[in-house]
Amino acid sequence: MAFELPKLAYAYDALEPNIDAKTMEIHHSKHHNAYVTNLNNAIAGTDAEKLSIEEICKNISKYPMPVRNNGGGHFNHSLFWTIMGPNAGGEPTGDLAAAINSAFGSFAEFKTQFAAAATTRFGSGWAWLIVKDGKLAVSSTPNQDNPLMDVAEVKGTPILGVDVWEHAYYLHYQNRRPDYLAAFWNVINWNEVAKRFSAAK
Ligand code: MN3
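The notes below deal with the structure included here. (Residues numbered from 1 in each chain as written. Predicted model: local features only at pLDDT ≥ 70, side-chain atom pairs only at ≥ 80, totals over all residues. Heavy atoms only, no water.)

**Focus on the sheet that holds strand 1 (residues 125-132)**
Read across the sheet, three strands follow the order 2-1-3 without closing on themselves; strand pairing throughout is antiparallel. Of all strands in the sheet, those with a lone pairing partner are strand 2 (135-142) and strand 3 (157-163), marking the two edges. Across the sheet, the mean angle from the axis of one strand to that of its neighbour is 25 degrees, orientation sign disregarded. Sheet topology note: the strand 1/strand 2 ladder contains eight bridges and is antiparallel. Pairing of leucine 129 across the sheet is with valine 138, part of strand 2. (Pairing = 2+ DSSP bridges. Helix = DSSP H or I, 4+ residues; strand = E, 2+ residues; numbered from the N terminus. Axes fitted to C-alpha atoms, helices over the stretch in contact; angles between N-to-C directions.)

Shown next as structure tokens:
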């Protein structure tokens, strides 16, 4: 069973004005679609065809670079689309809010650390909120790597991630990555992040 491009749960223009419709359309239908196609081509005829994308990521050092780049791209974007949504943003509640306060001191301090990880990631990559040994932590990865990968500097289960490749923001924000990151808080679907947190603990 080949990997497939997941459908978005919302329209391309649903995250306006924070993320514009054209960026969403190109990002999903072109960029993510290419990762899926190239991943399927890279694993065609190999045992990896029987594995989940998570299983592939966890042993990524055993695979050639096209699997790492495109498999990471498929996992990362599949997560990214679900942790955003319309009528979202605000602050998490319940267990997730408590865990953020316990790990970072406050939601504001978590935002500062997450934004710093995303802003200072040089070139292309991702910033993450991960569950590591039952606790929350912030990390970042280059290119399409992610914290599930055995090659990651900081390993854990990602429950929130932001794409800081220029293709994620350049049409609307040009070089202003910090403005894109400021707008990202308005589209985070905290219910989905909380679900992933419960599953990962
Ligand atoms: Mn991307």
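Having seen the model, we can carry on.
**Overview of the coordination of the manganese ion**
Distances from the manganese ion to its protein donors, His27 (NE2), His77 (NE2), Asp163 (OD) and His167 (NE2), fall at 1.9 to 2.1 Å. In the primary structure, the donors to the manganese ion are separated according to the pattern H-x49-H-x85-D-x3-H. With a gap of 140 residues between them, histidine 27 in helix 1 (residues 21-43) and histidine 167 in the loop between strand 3 and helix 6 (170-173) connect regions that are remote in the sequence. Neither residue differs from the other here; histidine 27 and histidine 167 are each classed as buried. (Donors = N, O, S within 2.8 Å, 3.2 Å for Na, K, Ca; no water. Buried < 20%, exposed > 50% of the residue type's maximum accessible area, 1.4 Å probe, protein only.)

**As for the side chain of glutamine 144**
Summarising the element assignment, glutamine 144 is placed in the loop between strand 2 and strand 3. Discounting residues that sit within four places of it in the chain, glutamine 144 has contacts with Tyr35, Arg68, Asn69, Gly72, Gly73, Asn76, His77, Trp126, Met149 and Trp165. (Contact = heavy atoms within 4.5 Å.)

**Notes on helix 7 (residues 177-184)**
Since the α-helix advances by 3.6 residues per turn, residues separated by three or four positions end up pointing in the same direction. Along helix 7, the residues classified as buried are Arg177, Tyr180, Leu181, Ala183 and Phe184. All buried residues of helix 7 fall inside an arc of 160 degrees around its axis, so they share one side. Buried positions along helix 7 lie against helix 3 (65-82), helix 5 (107-120), strand 3 and helix 6. (Arc of directions from axis to C-beta.)

**What about the packing of helix 4 (residues 94-104) against helix 5?**
Think of two packed helices as two axes; the pair is described by the angle between the axes and how far apart they sit. Interaxial distance between helix 4 and helix 5 falls to 8 Å at its minimum, and their mutual angle equals 70 degrees. When the axes of helix 4 and helix 5 are compared, the pair comes out roughly perpendicular. By crossing handedness, the relation of helix 4 to helix 5 is classed as left-handed. For the pair helix 4 and helix 5, contact is made by Ile100, Asn101 and Phe104 and by Phe107, Glu109, Phe110 and Gln113, respectively. (Parallel < 35°, antiparallel > 145°, perpendicular 65-115°, else oblique. Left-handed = near helix turned anticlockwise from the far one by under 90°.)

**Side note on the pairing of strand 3**
Counting buried residues along strand 3, six of its seven residues qualify, which places the element largely inside the surrounding structure. One ladder, built from six bridges, connects strand 1 with strand 3; its direction is antiparallel. By the bridge assignment for strand 3, alanine 127 is matched with valine 162.

**So, the nonpolar core**
Within the largest apolar cluster, 57 residues are counted, with the highest numbers of intra-cluster contacts made by Met84, Phe110, Leu136, Leu160, Val162, Phe184 and Trp190. For phenylalanine 110, the residues in contact, after removing those within four places along its chain, are Ile100, Phe104, Leu129, Val138, Leu160, Trp185 and Trp190. (Core = buried A, V, L, I, M, F, W, Y, C linked by side-chain atoms within 4.5 Å.)

**Quick word on the pairing of strand 1**
Most of strand 1 sits out of view: seven of its eight residues are buried. Linkage of strand 1 to strand 2, two consecutive antiparallel strands, is achieved through a turn of two residues, within which aspartate 133 is found at a positive phi near 50 degrees.

**What to know about the pattern of salt bridges**
Enumeration over the complete set of coordinates arrives at six salt bridges. Here lysine 201 and aspartate 95 are joined by a salt bridge, their closest N and O atoms 3.7 Å apart. On the criterion of sequence distance, the pair formed by lysine 201 in the segment after helix 8 (190-200) and aspartate 95 in helix 4 is long-range, its members being 106 residues apart. Each member of the pair, lysine 201 as well as aspartate 95, is classed as exposed. (Salt bridge = Lys/Arg side-chain N within 4 Å of Asp/Glu carboxyl O.)

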